[in-house]
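For reference, the chains in residue letters:
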Amino acid sequence: MTVLRWSPRVLAIAAKLALSVALMVFLFRRIPLAAVGEALRSADRGVLLAAAALMLASNLTGAFQWSRLLNAVEIRIPLWKVCAYYHVGLFFNNFLPANIGGDIARVVDASRYSRTRAAALATVVMDRALGTLALAGLALVTSIPAIDRFHLSLAYLALVGFFLASLTFLWALFHPRFLAAVEAVMARVGLARLKPHLDELALNLAGLRDQRGLLLRVFLIALVVQVARIGVHALVARAFGLHIELTYFFLFVPLLAVIVSLPISFNGIGVREGAGIVFFGWVGVSRTAAFSLQFTTYLVAVAVSLLGAVVFLARIPRRRAQARQPGRSS
């Protein structure tokens, strides 16, 4: 008799998928499915297209943001290729069970233009860190007018925690002792062989740290990206005829981003919608409308990220041919 053994990774994915399914079933027991369908059918298609266009613009701006970091570590890639790699990363983020899959794809693609992967990894880590800090800092300032009730004050305190965590992470990246502590932990769990790679990563991060003017410019670009992505939520709300003050989006969207990033569900499905119902319910939005808002915003992001799937599939034959010609990149 053969005993089926599942690896811890497969079990983790199965558990996340089960939680997402359970949450969606729970939500649909409290929200009439017919009402959700009616809301989706009545949405303004033109405004949804505008939301998709804004999402695409934010992604292209995000790719430009990443390209500045790539140039800083002397990874020279044409901007159009950076945009292609960025969208491939977005596609993997939306369709792989772990939301770091897209970051790994970006590192692999960018490292084709570098002698090692440490430099490419440094740019992706810094890109994430600056983007997260921009989102948290932006929300911290712009959502102050929304704090007029007790539960919204609690949400703002959570936002303060998010900002402090983002700031601490960025500080740690620039602190020499941080990666040394990581190396010590890895040595204790039998991963001492990774030390040379972490040392090289530390060198690349230190090189970025010394380019303060560049980091400031990238941070400002990141602010534009985050404003655009919050704007996507606002446009989707408008497509459903919801009149929600913009300040509430600046308060709730960053918190939703944090909750969705927790590795407890399959790409945040179920968690995103449930948290959205709670947050937007605080400002008078019905369950059906809040669910439709969050689920449709997710679909808009997924639809735009399919450009990455097109790029990924289109380059497979070329890369297979180039695999027989060492020394070439694509």
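Computed from a predicted model, the values in this text were never measured in an experiment.

Conventions we followed
- Residues numbered from 1 in each chain as written.
- Predicted model: local features only at pLDDT ≥ 70, side-chain atom pairs only at ≥ 80, totals over all residues.
- Heavy atoms only, no water.
- Helix = DSSP H or I, 4+ residues; strand = E, 2+ residues; numbered from the N terminus.
- Buried < 20%, exposed > 50% of the residue type's maximum accessible area, 1.4 Å probe, protein only.
- Contact = heavy atoms within 4.5 Å.
- Areas by Shrake-Rupley, 256 points an atom, 1.4 Å probe, with all protein chains shown as cover.
- Lys, Arg positive; Asp, Glu negative; His and termini not counted.
- Charge placed at Lys NZ, Arg CZ, Asp CG, Glu CD.
- Polar contact = N/O pair within 3.5 Å; in protein donor to acceptor, adjacent residues only side chain to side chain.
- Core = buried A, V, L, I, M, F, W, Y, C linked by side-chain atoms within 4.5 Å.
- pLDDT = per-residue confidence, 0-100.
- Phe/Tyr/Trp six-rings, centres within 6.5 Å; stacked < 30°, edge-to-face > 60°.

### Things to note about the overall build of the protein chain
- Summing up its helical and strand segments, the protein chain has 13 helices and zero strands in all.
- Each helix (α) and strand (β) of the protein chain, taken in turn from the N terminus, gives the series α-α-α-α-α-α-α-α-α-α-α-α-α.
- The principal-axis extents of the C-alpha atoms in the protein chain amount to approximately 55 × 55 × 45 Å.
- Per-residue burial over the protein chain gives 46% buried out of 330 residues.
- Pairs at least 24 residues apart make up 74% of the contacts formed inside the protein chain by residues separated by at least 6 positions.
- Summing over all exposed atoms, the protein chain offers an accessible surface of approximately 17000 Å²; the carbon and sulfur share of this is 68%.
- Of note, the protein chain has its 33 positive side-chain charges centred 8 Å away from the centre of its 13 negative side-chain charges.

### What about the side chain of Arg106?
- Looking at the secondary structure, you find Arg106 in helix H5 (residues 101-110).
- Here Asp127 takes part through its side chain, which lies 3.2 Å from a polar atom of the side chain of Arg106.
- When near neighbours in sequence (up to four residues on either side) are disregarded, Arg106 contacts Trp66, Tyr85, Tyr86, Gly89, Val124 and Asp127.

### Brief notes about the nonpolar core
- Counting 49 residues, the largest nonpolar core has Leu159, Val236, Ile244, Phe249, Leu251 and Phe280 as its most contacted members.
- Apart from residues no more than four positions distant in its own chain, Phe249 is found in contact with Ile230, His233, Ala234, Ala237, Ile244, Pro254, Phe280 and Leu293.
- Formed by 34 residues, the second largest nonpolar core is a distinct cluster that contains Tyr85, Ala122, Leu208 and Leu214.

### Topic: the confidence of the model for the protein chain
- Within the protein chain, residue pLDDT values average 87, and 91% of them lie at 70 or more.
- Taken element by element, the predicted model of the protein chain shows its lowest mean pLDDT in helix H8 (residues 176-188) (72) and its highest in helix H3 (residues 45-72) (97).

### As for the side chain of Asp103
- Relative to the elements of secondary structure, Asp103 occurs in helix H5.
- By relative accessible area, Asp103 is classed as buried at 12%.
- Once you skip the residues sitting within four places of it in the chain, Asp103 turns out to touch Asn93, Val124 and Arg128.

### Focus on the packing of aromatic side chains
- Tallied over the entire structure, the rule returns ten aromatic pairs.
- For the pair Phe92 and Phe312, a centre-to-centre distance of 5.2 Å together with 80° between the ring planes defines the contact as edge-to-face. With a gap of 220 residues between them, Phe92 in helix H4 (residues 79-95) and Phe312 in helix H13 (residues 287-322) connect regions that are remote in the sequence.
- Residue classification places Phe92 among the buried positions, given a relative accessible area of 17%.
- Judged by centre distance (6.4 Å) and plane angle (65°), the ring pair of Phe252 and Trp282 falls under edge-to-face. Linking Phe252 in helix H11 (residues 246-261) with Trp282 in the loop between helix H12 (271-281) and H13, this pair joins segments that are 30 residues apart in sequence.

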